[in-house]
Amino acid sequence: MRRLTRRQRTAAIVLAALAMCFITLDLGGGGLAGAHSGVRGAFGSLYRGTDSVLGPVRRFVQGVPTAGSNEATIQKLRHENETLRGHLAQATSEHRTARELARLHALADTGRYKIMPATVQAVGSGGGFDWTASLDVGTADGVLVGQSVTDGYGLVGRVLHADSYSCVVLLAADTSSGVGARDLRTRQIGLVSGKGTSGLSFAPLNPNAAVRVGDKLATGPAGTSSYVPGLSIGTVTAVTRGPQGSTAVVRPTVSPTSLDTVGVILLGGHRESGRTPIDPSALAGGR
Amino acid sequence: MTRARVAAALCAILTALLLQGALIGPWTMPVPVSLPAVLVAAVALMDGPGSGMAFGFSIGLIADLGSDHPAGVLALSWLGVGLVCGLAADRNSVRRDAATAAVVCAVASVFTGLVLVAVHADGADLRHSVEWALPVGLGDALLALAVVPAVRAFLRSSSLRAPHPGFELSTGARRG
């Protein structure tokens, strides 16, 4: 065991007294506050600088004891994440459906007619037409052939064929489709024909009718159209004038490729006629 | 005290405090294992009480100024570590020196807790300091097993070896 020399003893006492002075000074009135903040700032910069090197090492070592349990936690969190994403997608779809149903409800209130909401199950060609849509409602729900179909804003088409629980709708975009329409600005009546993905075209009955870009078209008044009157068809985007009269290109209100929830307006229409038997006397040449 | 020793001491202080803050502290939390205290003990066990006290006071004061508690607490505590370990310096084996460093640092940790409670420092708890004394001792012993040989190797090098008082040869003129 060593012994302290006199100088070392004196130094120990002086340093201990100095430490006590520092404690008293710091407790008393914050005389060393500047020194504290200076050293803290210097070390803070050094810590930040060395963290890029020491940080990964520290985190690796800290993660080793829980590595096994972390894997199970990660799997559980991944599963929960996927479930929540599914719920979110479903909620988004349900919100959209709710908005579409609200539109149909508003139209029913405005027009004072019954609307049967339906979901589009398929869009494609059918029944000899290129642009048709299959809906999940039929005669059991009151749907009849010829009834108008809307999305709450504008015209979708008309019921072409109705079974008990499903129906086929001829879309307005079909090239064989013709819709009696009215120019809302000039009140001129004309015919809107489908042009597939190119939109619609409008030919006014009066060849001298002044159709302009921006004119809005709606289904014609009762008697001039088999559709429910007042349903928005589209907006004129271009007008060509020829010797036969004006022809307008129309941007449809409803896009035929983005149909989801639509409504069948339960007004008018008729049941599909059944098959009629062949008269044997006609085939047999009047026997 | 040569310039090389002063520079080496400054570098050692800086390195020990950085490693304590960036690695040792987060790894050993909540056990307050202290690399700077073990370093002071290792230097004192090699170089004696004089170097130990000076080194312990300096590193303690810098650590105090970089913390929230009053300056002087760690300076006093590690001054004591340097003093006690310096008195026990006797060219022992690494394991014996590591054990000495561990015991002294654990006691110093309890002493520091006591002083912090006395000065009403935030978060100071004497019960925790006493409870953690044994884990601190074990942690410091493990650190000391690495630090003591390293410090010995450094302080034995020719540039850092403690200067001894030289013998002055009298070369006065002969009488007669």
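Now for a look at the structure at hand. (Residues numbered from 1 in each chain as written. Chains lettered and ligands numbered in written order. Predicted model: local features only at pLDDT ≥ 70, side-chain atom pairs only at ≥ 80, totals over all residues. Heavy atoms only, no water.)

What follows concerns the overall build of chain A. When you go through chain A residue by residue, the secondary structure sums to four helices and twelve strands. Within the span of chain A, comprising 287 residues, buried residues form 33% of the whole. Here the contacts in chain A between residues at least 6 apart in sequence split such that 55% fall between residues at least 24 apart. As displayed, chain A has an accessible area near 17200 Å², and 57% of this comes from carbon and sulfur atoms. (Helix = DSSP H or I, 4+ residues; strand = E, 2+ residues; numbered from the N terminus. Buried < 20%, exposed > 50% of the residue type's maximum accessible area, 1.4 Å probe, protein only. Contact = heavy atoms within 4.5 Å. Areas by Shrake-Rupley, 256 points an atom, 1.4 Å probe, with all protein chains shown as cover.)

Once that is clear, we can look at the overall build of chain B. Of the regular secondary structure elements, chain B holds seven helices and zero strands. Along chain B, from the amino end to the carboxyl end, the secondary structure elements read α-α-α-α-α-α-α. Counting over 176 residues, chain B shows a buried share of 49%. Excluding contacts between residues fewer than 6 apart, the proportion of contacts in chain B whose partners are at least 24 apart in sequence is 68%. Entry remark: accessible area of chain B is about 9100 Å², with carbon and sulfur atoms responsible for 66%.

This part is about helix α1 (residues 6-29) of chain A. Between its terminal C-alpha atoms α1 of chain A stretches 35 Å, which fits the 34 Å expected from 24 residues at 1.5 Å a residue. Turning to α1 of chain A, its buried residues are Ala-12, Leu-15, Ala-19, Phe-22, Ile-23 and Asp-26 of chain A. Where α1 of chain A is buried, its residues touch α2 (33-63) of chain A together with α3 (49-65) and α4 (73-87) of chain B. (Expected span 1.5 Å × (residues − 1).)

Residues and elements named next belong to chain B. Viewed as axis vectors pointing N to C, helix α2 (residues 35-47) and helix α5 (residues 94-118) meet at an angle of 130°, and their least axial separation amounts to 9 Å. When the axes of α2 and α5 are compared, the pair comes out oblique. Where α2 crosses over α5, the two elements pack in a sense that is right-handed. Residue-level contacts link Ala-37, Val-38, Ala-41 and Leu-45 of α2 to Asp-97, Thr-100, Ala-101 and Cys-105 of α5. By residue class, the composition of the contact of α2 with α5 is six nonpolar, one polar and one charged. (Axes fitted to C-alpha atoms, helices over the stretch in contact; angles between N-to-C directions. Parallel < 35°, antiparallel > 145°, perpendicular 65-115°, else oblique. Left-handed = near helix turned anticlockwise from the far one by under 90°. Nonpolar A, V, L, I, M, F, W, Y, C, P; charged D, E, K, R; others polar.)

Looking now at unusual backbone geometry. Both trends apply: most residues other than glycine have a negative phi, and most peptide bonds are in trans. All names here are of chain A. Although it is not a glycine, Arg-187 sits at a positive phi angle of roughly 65°. By secondary structure assignment, the location of Arg-187 is in the loop between β6 (178-183) and β7 (189-194). The class of Arg-187 is partly exposed, set by a relative accessible area of 47%.

Residues and elements named next belong to chain A. Spatially, six strands are ordered β6-β7-β8-β11-β10-β9 in a closed barrel, and the strand pairing comes out antiparallel. Taken pair by pair, the neighbouring strands of this sheet meet at an average axis angle of 40°, ignoring direction. Here β7 pairs with strand β8 (residues 200-204) via five bridges, running antiparallel. The residue bridging Val-192 from the neighbouring strand is Phe-202, located in β8. (Pairing = 2+ DSSP bridges.)

As far as function goes, none of this settles anything; it's purely spatial.
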